[in-house]
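Summary of the model geometry
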Amino acid sequence: MTRPLLGLSLFSILALLHCSGPAQPHDAAKPVTLQFVDVTAAAGIDFLHRSGAAGTKYLIETMGSGVCAFDYDADGKTDLYFVQSAPLPEAPTDPLLHAALYRNLGNGKFSETTGPAGVGNPGRYGMGCAAADVDNDGDEDLYVTNFGPNTLYRNNGDGTFTDVSRQSGVDNSLWGTAAAFADYDSDSDVDLFVGNYLDFTLAKHKRCGDVARNLVSYCHPDAYESVPNVLYRNNGDGTFSDVTREAGLWNLEGKTLGAIWTDYDQDGDVDLFVANDSVRNFLYRNNSDGTFTEVTLESGTGYSEEGRPEAGMGVDAADVDGDGRMDLFVTHLSNEVNELYLNNGNGTFTNGTNVAGLGGPSLLYVGWGTAFFDADNDVDPDLYVTNGHVMDDIEAYSDFITYRERDHLFVNNGTGRFVERGLAAGSLFREQDVGRGMTVLDFDLDGRLDVALTRNGGRARLLRNETPASNHWVTLRLRGVKSNRDGIGAWITLTAGGKRQVAERRSGFSYLSDSDGLVHFGLGASSGPVEVEARWPSGLMETFRAVKVDQISTLTEGSGVAPGSR
Amino acid sequence: MPARPSRPAGWWLVGILLLALGCRSRPAEAELTSAKDRTPQVQSLLADAARAYQRGNLLLTQQLLLKAGAAAPDDPDIALDLGDTLNRLQHMESARQHYVEFLSRHPSASQVRLALGLTLMGLGRWEEAVNHIRRVTRELPQDQNARFNLGIVLARLGRTPEALAELRRAAKSSPPDPALLTELGITLMRAGEPAEAAKTLEQALSLDPDNVPALFNLGQCYGRLGRVDEAREALERFSLASGRRERYIDEKRLFRAAQARSDSLARVGKDEQALGALLAYRDSLADFPLFQQELGVAYLRAGRRQEAIAAFERAVAKDSSLTESHAQLAGLYQQAGEGDKAMRARQAAARPSSQGPLPSDTP
């Protein structure tokens, strides 16, 4: 049969469709009983994200916002902070529009305490957040990225915060997105990486869309130049210094939306992975001397399997395949797939998306917030991805992609292969919405990790994990002594039931979000004994024996025993 | 004494009989038609569609192909072109339905089935895609294109050993093809065979030195094999080739924006403004051949023939496969009394075009 007309080749359709990765694993998945119940209203959470959209289609409108889980009042119960946007010129002004801090009352309910706490971030167009004890004074401080100067709230230790953005020197005024704390220079206090997105201001707004059909749409990020990210070194006196250039992180090619600190090469210091939108990602190896080397190309983490830069959004890292190394995961736009980079342990990564079964289910979705967590405590990390398209008029361009999308819940079958089981896991997964931020916390302290979500232009959600609780678990709260007080950057190896698992204490991940800072392990049927080895940012390595099962334990640096000692 | 058929066996025989009768009563598949069966009206519609396509007007292409398809409903080539156009318009679900409808009348139209399989891939319906494409490989065992695509979809499904088998068979039976070798190389890497993967990717690059996926994966491959210097060199080549491709994609996106703006003005008769809309992109798209062609058309509409000639000449100088530019130049040279040049342009316009389609824009 000849093709006399247009000469379109079937080979070329593949390139056109960007078909780069589907898949249900070939082998059968284990039985799954994950259950998540939407308890937003019952918990007293009533946060409505308002983007300020009024038809002009400023790009910022469709990007927010994030959520942080952190224990601001140090009462042992994780609280929630939802980032809010702000009115835009054409939108009706709402002077009361503000971010929201919800205090966990411990009875399944939360109470909004934004005003008394003083963390409303009013008048600022908020994007994301991260929490850490930046001054090592025993309470969690809060950093908020904005479209415009960012905000650092110092926790006063009495339930209130003080805005110290300017005096601390971290009020970066670009379009801030991801924020992540870690002690990159091992000087016992946490430093701060801030991702910036685009060189965009309201004055630089461009009209995009389909002129022929008079459709005004959100612009592709290619319409704007990139801007550099910033690394702030904590000076230990309440101030920070911008050390981006001397640390080797000055890069004008990034359009950053996601960032995570992780010791991918296990050399005892934290490295940095940055997800960029429509340009390559960055992987920076920490040289252990205050500088970094970009190793993106040789590591294979910057591109799709076809060598194409993708629209990176949210990120997480975990040991997906049980080999004791941190693997990387990045969420992407539709017609791309979310990518899983499996760590080979020699500085390189293998694209494991297809083999893991994570490609196909994500092909038509725009993924944002994401987290690996052992949702069923069966000794492997499962995966949550919250979805929703960028363009609120995507249906005018496509007959198979929608603006509102359902979230995905992937169950790990124990070998690093995943099966999407959201539809069976609760009513929220059958809803179509516009997902953005996402985090993990155990708000009811039952050892089953719960999920908090933000929606662009919609209501935040809290999902309680009600998976039948037959498996055991351990949750660790770290207390640094020589290291930063949060123990951020600590590498934890847990052994129980003959299985070893690894995890890191981090601050900042997913999309514009942060998790509760506790290190959680599912133990499966094993009820112990549990041994934990901690490698602290200070370099101290120690072992904690007989860690209690099915409860939260605090590991204080220096209170363990030397590894190998009896 | 032979045993009498038992009752259940008797029912079984009745079932077979009924099935046979059912098969016999199924309407015969309509006969496929081909290019020689096309009426002048269909041929004219297809010629208009080809022109609309080359000018990037996919909506008009779709309309014309719909009309042609209605007039020649059993022509698989028209069905394929309409499906392709729908896919490029990001109407993949419509394309899928269109192919399914055609196949319901012509289940033996293997190329249409393959196109359906590829569309299902784009829709993330991978298992269904495997079923359709595998059927094509059975119907057309010599079609290595189908086998190649089967290998791709199996690889995407993470079924690496099966994918490898299909890709190896396709590679063995086809002339060396860089796309096929690249996919085979990537799959070999995934299968944990970096040495063979490297050889395969090197072969792909000997045929297409700027093959971005091959360069990227070869760099990774060398890295895994500890061939550090070669890895560095391959990745440097990848960076250069990737940069060129990114530039092309940026220019294409910009071109689409310029074209849309200009078209909307031309459609309401504002030819000078339409030309002005294009000229606003003159500097940033100077090296983009399709932009020069579009500029030539706009100059013609505005009655500025000399500038039109110059623009078309720039277009074919940058891309000699732009048949519309050659055709326009033939007419313009003829009008200017430059017979030799007109003849050469006509010959160039008649040459089969090697110009691949512009990738569709991601909104």
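Residues numbered from 1 in each chain as written. Chains lettered and ligands numbered in written order. Predicted model: local features only at pLDDT ≥ 70, side-chain atom pairs only at ≥ 80, totals over all residues. Heavy atoms only, no water.

Our next topic: the overall build of chain B. Helix and strand counts for chain B stand at 18 helices and 0 strands. Out of the 363 residues belonging to chain B, those deemed buried represent 47%. Summarising the internal contacts of chain B: among those between residues at least 6 apart in sequence, 50% fall at separations of at least 24. In the structure as shown, chain B presents an accessible area of about 17300 Å², 55% of it carried by carbon and sulfur atoms. (Helix = DSSP H or I, 4+ residues; strand = E, 2+ residues; numbered from the N terminus. Buried < 20%, exposed > 50% of the residue type's maximum accessible area, 1.4 Å probe, protein only. Contact = heavy atoms within 4.5 Å. Areas by Shrake-Rupley, 256 points an atom, 1.4 Å probe, with all protein chains shown as cover.)

So, about the overall build of chain A. Helix and strand counts for chain A stand at 6 helices and 36 strands. For chain A, whose C-alpha radius of gyration is 22 Å, the value lies close to the compact-globule estimate of 24 Å for 566 residues. Taken along its principal axes, the extent of the C-alpha atoms in chain A is 80 × 55 × 50 Å. Residue pairs at least 24 apart in sequence account for 60% of intrachain contacts in chain A once pairs closer than 6 positions are excluded. For chain A, the accessible surface area stands at approximately 17700 Å², while carbon and sulfur atoms represent 49% of it. In chain A, 44 side chains carry a positive charge and 80 a negative one; their mean positions are 3 Å apart. (Rg over C-alpha atoms; globule rule 2.2 N^0.38 Å. Lys, Arg positive; Asp, Glu negative; His and termini not counted. Charge placed at Lys NZ, Arg CZ, Asp CG, Glu CD.)

Moving on to the domain arrangement of chain B. All names here are of chain B. The domain architecture assigned to chain B consists of domain 1 (37–165), domain 2 (175–243) and domain 3 (245–319). Averaged C-alpha coordinates put domain 1 and domain 2 at centres separated by 30 Å. In this complex, domain 1 contributes 7 residues to the contact, which on the side of domain 2 involves 9 residues. Measuring nitrogen to oxygen at the nearest pair gives 2.8 Å for the salt bridge that ties Arg-156 to Glu-183. Joining domain 1 to domain 2, the criterion identifies 2 residue pairs in polar contact (both at pLDDT 80 or more). Among the elements of the structure, helix H8 (144–156) and helix H9 (160–173) are those that each provide at least two residues to the side of domain 1 that touches domain 2. In terms of residue count, H8 provides more of the side of domain 1 that touches domain 2 than any other element does, 4 residues in total. The residue makeup of the side of domain 1 that touches domain 2, split by class, is 5 nonpolar, 1 polar and 1 charged. (Domains from an automatic or database assignment. Salt bridge = Lys/Arg side-chain N within 4 Å of Asp/Glu carboxyl O. Polar contact = N/O pair within 3.5 Å; in protein donor to acceptor, adjacent residues only side chain to side chain. Nonpolar A, V, L, I, M, F, W, Y, C, P; charged D, E, K, R; others polar.)

All names here are of chain B. Spanning 13 residues, helix H15 (residues 289–301) covers 19 Å between terminal C-alpha atoms, matching the ideal 18 Å at 1.5 Å per step. Restricting attention to buried positions, one finds in H15 the residues Pro-289, Leu-290, Phe-291, Gln-292, Gln-293, Glu-294, Leu-295, Gly-296, Val-297, Ala-298 and Tyr-299. Buried residues belonging to H15 abut helix H2 (40–54), helix H13 (228–267), helix H14 (271–279), helix H16 (305–318) and helix H17 (323–335). Just downstream of H15, Gly-303 is the residue with a positive phi angle, here 75°. (Expected span 1.5 Å × (residues − 1).)

On to the pattern of salt bridges, then. In the structure shown here, the tally under the stated rule is 55 salt bridges over all chains. With its nearest N and O atoms 3.0 Å apart, the salt bridge here joins B:Glu101 to B:Arg105. One end of the pair, B:Glu101, and the other, B:Arg105, are both in helix H5 (residues 92–105), 4 residues apart, so they sit about a helical turn from each other. Since its relative accessible area comes to 40%, B:Glu101 is described here as partly exposed. Bridged by salt links that share partners, the residues A:Asp38, A:Arg404, A:Asp407, A:Glu431, A:Asp433, A:Arg455 and A:Arg461 form one connected network.

Residue and element names in this part refer to chain A. Spatial strand order, S32-S31-S34-S35: 4 strands in an open sheet with antiparallel pairing. Taken across any chain shown, the strands that pair with only one partner, and hence form the sheet edges, are strand S32 (499–504) and strand S35 (541–544). Averaged over all neighbouring strand pairs, the angle between strand axes comes to 20°, with direction disregarded. Note: strand S34 (residues 530–535) against S35, 4 bridges, orientation antiparallel. Bridge pairing in S35 links Glu-533 to Thr-543. (Pairing = 2+ DSSP bridges. Axes fitted to C-alpha atoms, helices over the stretch in contact; angles between N-to-C directions.)

Looking now at the state of the cysteines. Residues and elements named next belong to chain A. Here the structure, examined in full by the defined rule, presents 2 disulfides over all chains. A sulfur-sulfur distance of 2.3 Å marks the disulfide that ties Cys-68 to Cys-129. Between Cys-68 and Cys-129, the S-S dihedral sits near 130°, and the bridge is therefore right-handed. Of this pair, Cys-68 sits in strand S2 (residues 67–70) while Cys-129 sits in strand S6 (residues 125–132), and the two are 61 residues apart along the sequence. Grouping residues by exposure puts Cys-68 and Cys-129 together as buried. Cys-208 shares a disulfide with Cys-219; S-S distance 1.9 Å. With the S-S dihedral at roughly 95°, the linkage between Cys-208 and Cys-219 falls on the right-handed side. Highlighted residues: Cys-208 in strand S11 (residues 208–210) and Cys-219 in the loop between strand S12 (215–217) and strand S13 (230–234), separated in sequence by 11 residues. (Disulfide = S-S within 2.5 Å.)

This paragraph deals with helix H3 (residues 58–71) of chain B. Because the α-helix completes a turn every 3.6 residues, residues three or four places apart line up on one side. All names here are of chain B. Relative to the 20 Å expected for 14 residues at 1.5 Å per residue, H3 spans 20 Å between its end C-alpha atoms, a close match to the ideal helical length. For H3, the full list of buried residues reads Leu-58, Thr-61, Gln-62, Leu-64, Leu-65 and Ala-68. Buried residues in H3 make contact with H2 and helix H4 (76–88).

When you line up the elements, A:Thr244 lands in helix H4 (residues 244–247). Overall, A:Thr244 belongs to the buried group, its relative accessible area being 2%.

Right, let's get into unusual backbone geometry. Residues and elements named next belong to chain A. Residue Ser-65 is reached from Gly-64 by a cis peptide bond, and omega for that bond is 0°. Within the secondary structure, Ser-65 is located in the loop between strand S1 (36–38) and S2. With an omega of 0°, the peptide bond running from Gly-528 to Pro-529 counts as cis. Along the chain, Pro-529 falls in the loop between strand S33 (519–524) and S34. Phi angles above zero are rare outside glycine, and Lys-57 is one such case at about 65°. Checked against the element boundaries, Lys-57 lands in the loop between S1 and S2. Classification of Lys-57 by relative accessible area gives buried; the value is 12%. Positive phi values are uncommon outside glycine, yet Asn-121 reaches one of about 55°.

All names here are of chain A. Where burial is concerned, the two faces of strand S19 (residues 315–318) agree: the one with Val-315 and Ala-317 and the one with Asp-316 and Ala-318 are both buried. The pairing of S19 with strand S20 (residues 327–330) spans 4 bridges and is antiparallel. Counted as the bridge partner of Val-315 is Val-330 from S20.

Residue and element names in this part refer to chain A. Along the chain, Tyr-153 falls in strand S7 (residues 141–155). By relative accessible area, which is 3% here, Tyr-153 ends up buried. Residues Tyr-153 and Thr-113, spaced 40 residues apart in sequence, show a C-alpha to C-alpha distance of 15 Å. In terms of polar contacts, Tyr-153 uses its side chain to reach the backbone amide nitrogen of Asn-121, at 2.9 Å.

Where strands meet in a sheet, backbone hydrogen bonds hold them as pairs that are either parallel or antiparallel. All names here are of chain A. Overall, antiparallel pairing links the 4 strands, which are arranged S9-S10-S13-S14 in an open sheet. Looking at strand neighbours, the two that pair on one side only are strand S9 (176–182) and strand S14 (240–242), the edges of this open sheet. Across the sheet, the mean angle separating the axes of adjacent strands is 25° when strand polarity is ignored. Sheet analysis places S9 next to strand S10 (residues 191–196), joined by 5 bridges and oriented antiparallel. Bridging across to S10, Ala-182 finds its partner in Asp-191.

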